[in-house]
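For reference, the chains in residue letters:
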Amino acid sequence: MISSSKNHAHIILTLVFLCISLSLLAPVMGWILILVVCAVVMRSALYLDLHKHAPSVRTLNLLALLSAIVLAYFSLQLGVLLGMINLLVLACSLKLMQLRSIKDYYQLITCCGFLIGCGFIFQNSIGFSLFYLVLTLLLLLSLACHISPSLGINKNLKRIAVMGVQALPIAVLLFIVLPKIGPLWQMPTSKSHQTGLAEKVTPGDIAQLSQSADLAFRVTFSGNIPLPQERYWRAIVMEEFDGKTWRVSPERKAIQRQYKQYNKEFKPVLSGRYFSYQIITEPTHQNWLYSIDIGVPDSPQSANQIWQSHEYQLTSNTALVSNFQYSLRSFPDALLNQALYSVDHRINTQRPDSGNPETQRWVKNLRRQFPNDQEFINQVLAFFAEQPFEYTLQPPLMQSNPVDTFLFEQQQGFCSHYASAMAYILRLADIPARLVTGYQGGEMREQDYMSVYQYDAHAWIEAWHSDKGWQRYDPTAIVAPNRVTFGLKTAIEEAAELIDSPFSLDGFSSIAWLTDVRLFLQDIDFVWTKWILGFDKSAQKDLIKSLIGELTPKKLALFGLSVIGLIGLLLAFFFVPSLRGRKRDYISQYYQKSEKLLAKLHIYRPKSQGPLDFANSVERKLPNSLHQPFNQVTQIYMQHQYTKTTQQQASHNKALMKIQWLRLKKAVSRQLKH
Amino acid sequence: MFGWQAVAERWLNKRIPEAHKYKLNYRSIFIFPSRFGGLFLLLCLGLFILGSNYQNNLMIFLCYFLLSLFLLNLFIAYLNFAKLEVQLGKVKHGFAGEKLQIPIWIHNNKRVSNGLLKLNFWKLKHSVNIDLDDSTYPVYLPLDCEARGKLKLPRVTLTSTYPLGLISCWTHLAFVSDILIYPKPLASKVRLISKDDLAEVNEADSTAKGHDDFDSLAPYKQGEPLYHVAWKQVAKGQGMISKQFSNQSGATGWLMLASLRAADIEQKLSELCFQVIELTRNNSTFGLDLGNLKIEPSSGTEHQNACLKALALHSPYLKGVNA
């Protein structure tokens, strides 16, 4: 039984737990947070002696039972990951209310440590990482206060700080050197945490995404950088349309599953000019990857992690639960005609027969006039150009016959409206067409890297051309040419206001230093993402290679040993001084040295004799030149040993001691020569 | 089970031999992760698995950071513990059946060692927790004394989990001790027997009479009660002089083990123990005859101690020597 009253260890632990729970605001359910706050208030009251008794075990058991039932009720909709985290937070809050024994305390510390780790699943910016680091140190401080309670919180804080600084280099070494292993098993991801593009598009959806200024991914190019109008980042190809919503074709999924089963990956043959680049994605908890036109993996590492499918779509083998780095090579001029035409054709001419009667009639007429596919497509594009279409983030709702309403009544829409309508029109005219979603644009930071944000999300179409295969058409570009060349912000004025605040500091901002700060923060974030979050197997290999050259087993073994040696050296550096005693006592050392000098003249101090008596006996035995310095040495030594001296005096004495010792040394050597 | 313990004990005797004073060093310190340390390592493993599965470098880094701390703790714990000096305080004797408070001195030079320290006797549950930053010495460890005789002091176990409770440092120290456990005093009638004719000369009650019948003055002998000191004479500068009372010369005789009626030898010894204490309290002169050991009649505390020691160490099968 331990008391919480005035117990620093407990109150620090309580505060740390509160901070962790609040930082997990999104994944943790509200009612559990309320329990957390209750537990914190309870513990604080006990700490401040406002209240004397913790709730009884029976009350808590009842509460635990009720909470467990409620959590079980929600668990299905939460999924495994969120369920687990909610359960952990719930259990911790109940434990905190009940904190009685040392065992409880240790368990709570461990759980809090684990929760901090879980926090990184949801937050991994620099700011949050520092925040969690501070929480970890506070957790350790709580432990220190628990083990040495009367040392005082300041001293404990200092100890923890020193320990943290000492542990950091070792941890960095381990991080760099210890082999990274791949996922041991597929972890549950939470549906509600999927971000970015969705597997289905109902026109209007992407508009939501476009109001987010979050980063989608970053790209570093080696060599040429694509022009703004070439920056079409393909992500998801949608080939199933039901009149309202586009989604990934189930048939396509089935085909892909089969290919995967036989491990027959689609390998397009490509030639011509290319862009070579490396992408670091933000975690989306989905599998879609981005590439310009047809991208193929550029490194064996990436090839292992990426699956190329027949609609020229790249998917990662595991869900992107953390920052994912891959390198690609894209061929913008290559033709997309290498997949099986019959399959493409069958899937991509499918359309709902009913609905949108006006569009159907209009297409029938137009098709009759322009039986040639290319001419027909040109006419459709011309229609978009001539009619007074408006490109807007906030189009009106179009519930029934959405394509009819959009094309002939409202004529206001966002990219998905245009793309959806055009693909539908082409399908009605029996031209295979499909919707592609991804990102269009990207902000280049000088020549270093390109950032693509969520508001760059875009939708366009691909239509089949009998010679060239799949061709990209972007009706949005016809309605709002600025969208493609200068990005969303220029295309729609209202966008700047709708997108989150950091974005509003952007571009137009007349305050130069604010822009500088923003860009500087971006650079830091890039380095953080690339070197810390994106430090994966291949990055590790490259780093070690750059340190020791070619990786041979012998060299690797030596490298491993030297790292262990380095850690050993670090430990020695930390601990050998304190092993040899706190402070070196120079004055005593000089006294001992002086005694050794006299020993050369065969004068020894018997153990029973004090230094003063010894000095007197020396005076009798030795000439003036010798005993005088020794007398001085003895006097300073006595003063040092038996009186309190200030820091200043001590250093003065040290200097004096050295002078006298040197005198003695000279005299002794002279004596020995004679 | 028993075999193992014997082996462990033998090994310990070789590793940490008995001593009067210990300066803890690598030979005497054992170090291992504590139970919480195990839990902590489990946490690291959990973080590593979760971090690997989510390919989350920050989680893996956190795991390595905690592991590095664990490694550092190993050294900090050792250095903190190794600076202690431990010594047994002075304790002469006790009586069987009572709780003996064993004093233990811990020299924490210049307070270089910190944190909580747990002391207990090896294999005994009861422990005393002290805070090295804030405590007074000696620390008293209670020990149940069950049987008379020379007390075999169990090894003293010191445990510290400084600095973070992850690493447990401990040691089992065996102190040289000459603590004697006297038999448990058992109230009984004091029966002094005259040696010459082996007849009872005095059946003194435990409440002796004539306690303050002043007789004469004599030089003070070590062990006499202070209230017998003739302070008036002392104040006059005549040296330590004590008053002699009349009844003390009267009750002279022997306490004989053989003459007691109790069935059990231990009970007899207990009764004798009581009688020795009573007689000394009354300043009587008496001798002790245990059959194989005889102590000539005398009085005073030293005599009492000699008698009690004889009682404590008495063994009917040993050939004794006359004291």
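Residues numbered from 1 in each chain as written. Chains lettered and ligands numbered in written order. Predicted model: local features only at pLDDT ≥ 70, side-chain atom pairs only at ≥ 80, totals over all residues.

## So, the overall build of chain B
Part 1 of the argument: Secondary structure summary: chain B contains 7 helices and 19 strands in total.
Part 2 of the argument: The buried share of chain B, reckoned over its 323 residues, is 35%.
Part 3 of the argument: Sequence-distant contacts, at least 24 apart, represent 67% of the contacts inside chain B between residues at least 6 apart. (Helix = DSSP H or I, 4+ residues; strand = E, 2+ residues; numbered from the N terminus. Buried ≥ 20, exposed ≤ 12 C-beta atoms within 10 Å, placed from the backbone. Contact = placed C-beta atoms within 7 Å.)

## Focus: the overall build of chain A
Part 1 of the argument: A count of helical and extended segments in chain A gives 26 helices and 18 strands.
Part 2 of the argument: Since a compact globule built from 674 residues should have a radius of gyration of about 26 Å, the 37 Å found for chain A marks it as more spread out than a globular shape.
Part 3 of the argument: Along the longest, intermediate and shortest principal axes, the C-alpha atoms of chain A span 135 × 70 × 55 Å.
Part 4 of the argument: Split into buried and exposed, the 674 residues of chain A put 36% on the buried side.
Part 5 of the argument: Look at the contacts in chain A between residues 6 or more apart in sequence, and 75% of them connect residues 24 or more apart. (Rg over C-alpha atoms; globule rule 2.2 N^0.38 Å.)

## Details of the nonpolar core
All names here are of chain A.
Part 1 of the argument: Core analysis: the largest hydrophobic core is formed by 199 residues, its most contacted members being C112, M422 and I461.
Part 2 of the argument: Contact partners of M422, with chain neighbours within four places excluded, come to V380, I461, Y473 and P475.
Part 3 of the argument: Counting 16 residues, the second-largest nonpolar core is a separate cluster that includes Y591, V633, I636 and V668. (Core = buried A, V, L, I, M, F, W, Y, C linked by C-beta atoms within 7 Å.)

## Considering the sheet that holds strand 10 (residues 156-160) of chain B
Strands in a sheet are paired, the pairing made by backbone hydrogen bonds, and the direction either parallel or antiparallel.
All names here are of chain B.
Part 1 of the argument: In spatial order, the strands read 2-11-10-6-7; together these 5 strands make up an open sheet with antiparallel pairing. Lying at the two open borders of the sheet, with one neighbouring strand each, are strand 2 (30-33) and strand 7 (127-131). The sheet shows a mean angle of 25° between the axes of neighbouring strands, direction not considered.
Part 2 of the argument: Two elements, strand 2 and strand 11 (residues 167-173), share 4 bridges in a ladder whose sense is antiparallel. The residue of strand 11 that forms the bridge with I31 is C169.
Part 3 of the argument: The strands touched by helix 3 (residues 57-82) within the sheet are strand 2, strand 10 and strand 11, with strand 11 carrying the most contacts at an inclination of about 30°. (Pairing = 2+ DSSP bridges. Axes fitted to C-alpha atoms, helices over the stretch in contact; angles between N-to-C directions.)

## Observations concerning the sheet that holds strand 16 (residues 449-453) of chain A
Residue and element names in this part refer to chain A.
Part 1 of the argument: Across the sheet, which stays open at both edges, the 6 strands sit in the order 8-11-6-2-16-15 with antiparallel pairing between neighbours. Of all strands in the sheet, those bounded by a partner on one side alone are strand 8 (294-297) and strand 15 (443-445). Direction aside, neighbouring strands of the sheet carry axes that sit 35° apart on average.
Part 2 of the argument: With 7 bridges joining them, strand 6 (residues 275-281) and strand 11 (residues 324-331) adopt antiparallel strand pairing. Bridged to Q278 within strand 11 is S327.
Part 3 of the argument: Across the face of the sheet, helix 20 (residues 512-533) comes into contact with strand 2 (215-222), strand 6, strand 15 and strand 16 while running at roughly 90° to strand 15.

## Looking at the domain arrangement of chain B
Residue and element names in this part refer to chain B.
Part 1 of the argument: Per the domain assignment, the segments of chain B are domain 1 (2-181) and domain 2 (195-212 + 247-313).
Part 2 of the argument: Listed per partner, the contact involves 5 residues of domain 1 and 4 residues of domain 2.
Part 3 of the argument: Going through the elements one at a time, strand 9 (149-150) and strand 12 (180-182) are the ones with two or more residues in the side of domain 1 that touches domain 2.
Part 4 of the argument: Of the residues assigned to the side of domain 1 that touches domain 2, the class counts are 2 nonpolar, 1 polar and 2 charged. (Domains from an automatic or database assignment. Nonpolar A, V, L, I, M, F, W, Y, C, P; charged D, E, K, R; others polar.)

## Thoughts on helix 3 of chain B
Part 1 of the argument: With 26 residues, helix 3 of chain B ought to run about 38 Å at 1.5 Å a step, and its terminal C-alpha atoms sit 37 Å apart, in line with that.
Part 2 of the argument: When you tally the buried positions in helix 3 of chain B, you get 19 out of 26 residues, the bulk of the element. (Expected span 1.5 Å × (residues − 1).)

## Some words on the interface of chain A and chain B
Often, the extent of an interface is quoted as the loss of accessible area on bringing the components together.
Part 1 of the argument: With 43 residues of chain A at the contact, the number on the chain B side is 40 residues.
Part 2 of the argument: Looking at the side of chain A that touches chain B, the elements with two or more residues in it are helix 4 (102-122), helix 5 (126-147), helix 6 (153-177), helix 20 and helix 22 (553-579) of chain A.
Part 3 of the argument: Looking at the side of chain A that touches chain B, its residues break down into 29 nonpolar, 12 polar and 2 charged.

## Focus on the environment of Q238(B)
All names here are of chain B.
Part 1 of the argument: In this fold, Q238 is placed in the loop between helix 4 (231-235) and strand 16 (241-245).
Part 2 of the argument: Q238 gets classed as exposed once you count the C-beta atoms within 10 Å, which come to 12.
Part 3 of the argument: Taking the C-alpha atoms as reference points, Q238 and F40, separated by 198 residues in sequence, lie 74 Å from one another.

## Observations concerning the domain arrangement of chain A
Part 1 of the argument: Segmenting chain A into domains produces domain 1 (8-147), domain 2 (192-503) and domain 3 (586-673).
Part 2 of the argument: Each of domain 2 of chain A and domain 3 of chain A has a C-alpha centre, and these two points are 89 Å apart.

## Considering helix 3 (residues 57-98) of chain A
All names here are of chain A.
Part 1 of the argument: Taking 1.5 Å per residue, 42 residues should reach 62 Å; helix 3 reaches only 7 Å between its end C-alpha atoms and comes up short.
Part 2 of the argument: Maximum bend of helix 3: about 130°, positioned at G79.
Part 3 of the argument: Those residues of helix 3 lying buried are L81, L82, I85, N86, V89, L90, C92, S93, L96, M97 and Q98.
Part 4 of the argument: Here the buried face of helix 3 lies against helix 1 (8-23), helix 2 (30-47) and helix 4. (Bend = angle between axes of the 7 residues up to and from the residue.)

## Describing the confidence of the model for chain B
Residue and element names in this part refer to chain B.
Part 1 of the argument: Overall, the predicted model of chain B reaches an average pLDDT of 81, with 86% of residues at or above 70.
Part 2 of the argument: Counted against residues more than four places away or in other chains, residues 199-210, with its pLDDT under 50, gives 23 contacts.
Part 3 of the argument: For this predicted complex, the interface confidence comes out at an ipTM of 0.79, alongside a pTM of 0.77. (pLDDT = per-residue confidence, 0-100.)

## Overview of unusual backbone geometry
The phi angle of most residues is negative, glycine excepted, and most peptide bonds adopt the trans form.
Part 1 of the argument: Residue P138(B) follows Y137(B) across a cis peptide bond; omega there is 0°.
Part 2 of the argument: Among the secondary structure elements, P138(B) is positioned in the loop between strand 7 and strand 8 (139-144).
Part 3 of the argument: Cis geometry marks the peptide bond from Y162(B) to P163(B); its omega dihedral reads 0°.
Part 4 of the argument: Assignment of secondary structure puts P163(B) in the loop between strand 10 and strand 11.
Part 5 of the argument: With a phi close to 45°, N356(A) is a non-glycine residue in the positive phi region.
Part 6 of the argument: Along the chain, N356(A) falls in the loop between helix 10 (341-348) and helix 11 (357-369).
Part 7 of the argument: For N356(A), a count of 26 C-beta atoms within 10 Å puts it in the buried group.
Part 8 of the argument: Positive phi values are uncommon outside glycine, yet N283(B) reaches one of about 60°.
Part 9 of the argument: On the secondary structure map, N283(B) appears in the loop between helix 6 (265-281) and strand 18 (285-289).
Part 10 of the argument: Since 21 C-beta atoms lie within 10 Å of it, N283(B) is described here as buried.

## Notes on the confidence of the model for chain A
Part 1 of the argument: Summarising the model, chain A shows a mean pLDDT of 85, and 93% of its residues fall at 70 or more.
Part 2 of the argument: Residue range residues 500-508 of chain A is modelled with pLDDT below 50. Its contacts to residues more than four positions away, or to other chains, number 13 contacts.

## Quick word on the pairing of strand 10 of chain B
All names here are of chain B.
Part 1 of the argument: Residues V156, L158 and S160 of strand 10 are buried on one face, while the alternating residues T157 and T159, pointing to the opposite face, are not.
Part 2 of the argument: Here 5 bridges tie strand 6 (residues 116-121) to strand 10, and the two strands are oriented antiparallel to one another. Bridge assignment links L119 to a residue of strand 10, and that residue is L158.
Part 3 of the argument: Here 5 bridges tie strand 10 to strand 11, and the two strands are oriented antiparallel to one another. Across the sheet, residue L158 finds its bridge partner in strand 11, namely T171.
Part 4 of the argument: Counting the residues between successive antiparallel strands, the hairpin from strand 10 to strand 11 contains 6 residues, one of them, G165, with a positive phi of roughly 80°.

## Overview of the packing of helix 6 of chain B against helix 7 (residues 301-313) of chain B
When two helices pack together, their arrangement is given by the angle between the helix axes and the distance between those axes.
Residues and elements named next belong to chain B.
Part 1 of the argument: The geometry of helix 6 relative to helix 7 is characterised by a closest axis approach of 10 Å and an angle of 180° between their N-to-C directions. Our classification of the angle between helix 6 and helix 7 gives roughly antiparallel. Listed contacts from helix 7 to L269, L272, C273, V276, I277 and T280 of helix 6 are T301, Q304, C307, L308 and L311.
Part 2 of the argument: Per-class residue counts for the contact of helix 6 with helix 7 are 8 nonpolar, 3 polar and no charged. (Parallel < 35°, antiparallel > 145°, perpendicular 65-115°, else oblique.)

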